[in-house]
Amino acid sequence: MVEISAKLPDGNTIKVPEGATVLDVASAIGPRLAAAALAGTVNGSLVDLGTVISDGDEIAIITPKSPEALHIVRHSAAHVMAEAVKDLFPLAKFGIGPAIEDGFYYDFDIDRPFTPEDLESIETRMREIVSEEKTFARGVLDKLEAWDAFEGQPYKRELIEELPEGEVISTYTQGAFTDLCRGPHVPSTGLLGAFKLMKLAGAYWRGDSTRPMLQRIYGTAWLTQKDLDAHLMRLEESEKRDHRKLGKELDLFSFHEEAGAGLPLYHPKGARVLRLLQEWLRAELYRRDYVEVITPHMYKADVWKISGHYENYRDNMYFFEIDEGDGKVNEYGIKPMNCPGHLMIYGNEGRSYRDLPMRMFEFGTVYRHEMSGVVHGLMRARGFTQDDAHIFCTAEQVHDEVVAMLDLVDYVMRQVFGFEYTAEVSTRPEKSIGDEKFWDVATKSLMGACEARGLAYDVNEGDGAFYGPKIDIKLRDAIGRTWQCSTIQVDFNLPERFGLTYRTTENSDAQPYMLHRTILGSMERFFGILIEHYAGALPTWLAPVQAVLIPISDRHLEYAEQTRRELESAGVRAEVYSDNEPMRVKIAKAQQQKVPYMLVLGDKEVESAEVGVRERTQGDIGAMSIEAFARQVLSERP
RNA sequence: GCCGACGUAGCUCAGCUGGUAGAGCAACGCACUCGUAAUGCGUAGGUCAGGGGUUCGAGUCCCCUCGUCGGCUCCA
């Protein structure tokens, strides 16, 4: 018998008979490894355990501990789901079924919509397939054979057609189901215990709204039941933190069918939080030499024609006509962006290099007609307020301005709110304007600014706006979800359209660079993110009510009211729970409202002129003077 | 905009195959006057999202509109 050798990740080699598979290598290393093996790699490429190896190959075994394991398991689960669908809906046509974050999906085209009951029967059938422990068998075809093999499967045939000529096409078969697939897969369906079908959704074939809409089934799959349970727990936790639910419970805002979708109404407590955020940020911006402006909510269509929005952003804008009464009819558009106003202010007078950089900011409320399917609480509203700023500067100043913005981002996101974040730089897309020199200077300035701040960034090649490159900042919240808020964009287009110039030191006119930037993005969306990040328990400085006063009985009401006034005049937001209820009921209500401090007021406190302080997570922290308590609360400001 | 699900009291939800609406919490009233997460009793509260249709009869079945949810798409 001829022996060949395989190299292992630890540097050792192992002898196996010719014709041995990856699984044979695993067995040769040890039976425990063989039992745990899911797939392998040969010379760095992922393969099945059944792959025959050649002499000198570098072999690694993928076990549940390997980072690739989950991906393989999820992809295999997608195939099992497809088999179940094929069993139950023999006429189904198959789209694609990849592994995704936390799970997998598969797109199907069947003659009627799936129902939730279908989902149950598909899942039941999947469990049967798993218990049958079917093997995943790899097959290799050429293009013609593949074409024949997928008769009646137009989506699969479309995929085959696009594969490069001469490429080896592989299929995977388990039971009666064969799928076009690169692989690898786990050796047996028996290894796929921990999965659950999650939801149904429509999805255009290849994400193209002109193509047929398929039905997508999402599932989640994990290596162990314990991991699956933990995932489901995380989902439950996310649901508990949902800002729409908390917004209702904490009486922050509401939506009204008669008012229109995506238009939030802020109640006193919600308005308070938004104003607190604005006041704090405004002070930070003044400190950084920004100037604040206020611009109208609407303009005549002329402005939108100059800016290009009339032509290119029309579908997302609210336009209306008004009869001026003298036979003239004017068309107006409500602003979807604040830039034109800022450009007009810049252009209002002659500017000199001495005026630059000019940092203009506005809490500007904009309205965008988002498509009805995408509005989502505060996260995706049709009316929202941006912490918007435009910096007009010279090419040489771009770098320092961007560094300063990144400083501000770090201060706000990491130091004040405790978000970790990452950066992405997007470069010139195919369809774009402006000469190469502008793009070069701008892109290098953005990257250079990240580097100067030691901020690692990913590059999204060709993903910039048509008018300039950008940096996007992605936050990671308390439960690991990511959000995009801050964005810094260079714009070559608008200064040109509005004819902006400045007088240089050589007494010539030059076009300024313009940077768009938001830190929080949309105030309301950021509010939503904060609600979810803190699970509704906003930090003391942002809490709409910082302290609830809890008189133990009616005879303490007067002291409570007097204390509340003292706290308010010291700058503490306080409220008396004066209802005639036992104190434990009031405490329960205050806890539910996630108020940072509860002040218990009984005979003892009246006598000593103190407040009995209960902190929302620590519980009773003892009595202190009103003044000491106020100091404590005020010290929690950033 | 597209696909699917959903919309019952202020909130959370029940209401089987069509026979004329129910609970808990909240509200209001009365009693209790209380020491760190929910006191008892009582009262009131609904053109079952809106409109149209089928039917002797619609919260329940069908259609349209609005809104919500989950996706897709878009995000000058």
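Residues numbered from 1 in each chain as written. Chains lettered and ligands numbered in written order. Predicted model: local features only at pLDDT ≥ 70, side-chain atom pairs only at ≥ 80, totals over all residues. Heavy atoms only, no water.

Participant: Requested: an account of helix α7 (residues 225-241), with residues and values cited.
Facilitator: The terminal C-alpha atoms of α7 lie 24 Å apart, and with 17 residues this matches the ideal 24 Å at 1.5 Å per residue to within 8%. Listing the buried residues of α7 in full gives Leu 228, His 231, Ser 238 and Arg 241. Taken end-on, α7 shows its buried residues confined to a sector of 140°, consistent with a single buried face. When the buried face of α7 is taken as reference, the exposed residues oriented beyond 90 degrees from it are Lys 226, Met 233 and Glu 239. Against β12 (194-204), β13 (213-222), α8 (243-249) and α16 (523-533) lie the buried residues of α7. (Helix = DSSP H or I, 4+ residues; strand = E, 2+ residues; numbered from the N terminus. Expected span 1.5 Å × (residues − 1). Buried < 20%, exposed > 50% of the residue type's maximum accessible area, 1.4 Å probe, protein only. Arc of directions from axis to C-beta. Contact = heavy atoms within 4.5 Å.)

Participant: Can you explain a negative patch on the surface? Please cite residues and give values.
Facilitator: Together, Asp 142, Glu 145, Asp 148 and Glu 151 make up a region of like negative charge exposed at the surface. The partly exposed category is assigned to Asp 142, whose relative accessible area is 40%. (Patch = residues over 30% accessible without salt bridge, like charges linked within 9 Å, V, L, I, M, F, W, Y side chains within 5 Å. Areas by Shrake-Rupley, 256 points an atom, 1.4 Å probe, with all protein chains shown as cover. Salt bridge = Lys/Arg side-chain N within 4 Å of Asp/Glu carboxyl O. Lys, Arg positive; Asp, Glu negative; His and termini not counted. Charge placed at Lys NZ, Arg CZ, Asp CG, Glu CD.)

Participant: Could you give me a rundown of the sheet that holds strand β19 (residues 329-334), with the residues and numbers involved?
Facilitator: Taking strand neighbours across the sheet as the criterion, the 3 strands line up as β17-β19-β18 in an open arrangement whose pairing is antiparallel. A single partner strand is all that each edge strand has here, and the edge strands are β17 (298-300) and β18 (319-323). Within the sheet, the average angular offset between the axes of one strand and its neighbour, ignoring direction, is 35°. Note: β18 against β19, 5 bridges, orientation antiparallel. Counterpart to Asp 323 in the pairing with β19 is Val 329. (Pairing = 2+ DSSP bridges. Axes fitted to C-alpha atoms, helices over the stretch in contact; angles between N-to-C directions.)

Participant: Lay out the sheet that holds strand β4 (residues 45-47) with the relevant residues and their values.
Facilitator: With antiparallel pairing, the 3 strands of this open sheet are ordered in space as β4-β3-β5. Pairing within the sheet leaves two strands with one partner each, and these edge strands are β4 and β5 (59-62). For this sheet the average axis-to-axis angle between neighbouring strands, irrespective of direction, equals 30°. In the sheet, strand β3 (residues 39-42) pairs with β5 via 4 bridges, with the strands oriented antiparallel. Within the sheet, the bridge partner assigned to Gly 40 lies in β5 and is Ile 61. The sheet contacts of helix α1 (residues 22-29) involve β3, β4 and β5, and relative to β5 the element is tilted by about 85°.

Participant: So, the nonpolar core: which residues are in play, and what are the values?
Facilitator: Of all hydrophobic cores here, the largest spans 63 residues; its most connected members are Met 413, Phe 417 and Phe 526. In terms of residue count, the dominant contributor to this core is helix α13 (residues 395-416) (11 residues). Discounting residues that sit within four places of it in the chain, Phe 417 has contacts with Leu 277, Trp 280, Val 412, Phe 526, Leu 530, His 533, Tyr 534, Trp 541 and Leu 542. (Core = buried A, V, L, I, M, F, W, Y, C linked by side-chain atoms within 4.5 Å.)

Participant: I'd like to hear about the protein's contact with RNA strand B, residue by residue, with values.
Facilitator: Around RNA strand B sit 52 residues in total, of which Gly 207, Phe 466, Asn 580, Val 585 and Gln 592 are the nearest. Within 4 Å of the protein, atoms of RNA strand B come from sugar and phosphate in 50% of cases. Measuring from a phosphate oxygen of RNA strand B, one finds a side-chain N or O atom of Lys 199 at 3.4 Å. Between RNA strand B and the protein, one listed contact pairs a phosphate oxygen with a side-chain N or O atom of Arg 555 at 3.2 Å. Take the surface near RNA strand B: its biggest share by element is 7 residues, from helix α18 (residues 583-592). For the surface near RNA strand B, the per-class residue count stands at 21 nonpolar, 15 polar and 16 charged. (Near = heavy atom within 4 Å. Polar contact = N/O pair within 3.5 Å; in protein donor to acceptor, adjacent residues only side chain to side chain. Nonpolar A, V, L, I, M, F, W, Y, C, P; charged D, E, K, R; others polar.)

Any functional reading would require information that these geometric values do not contain.
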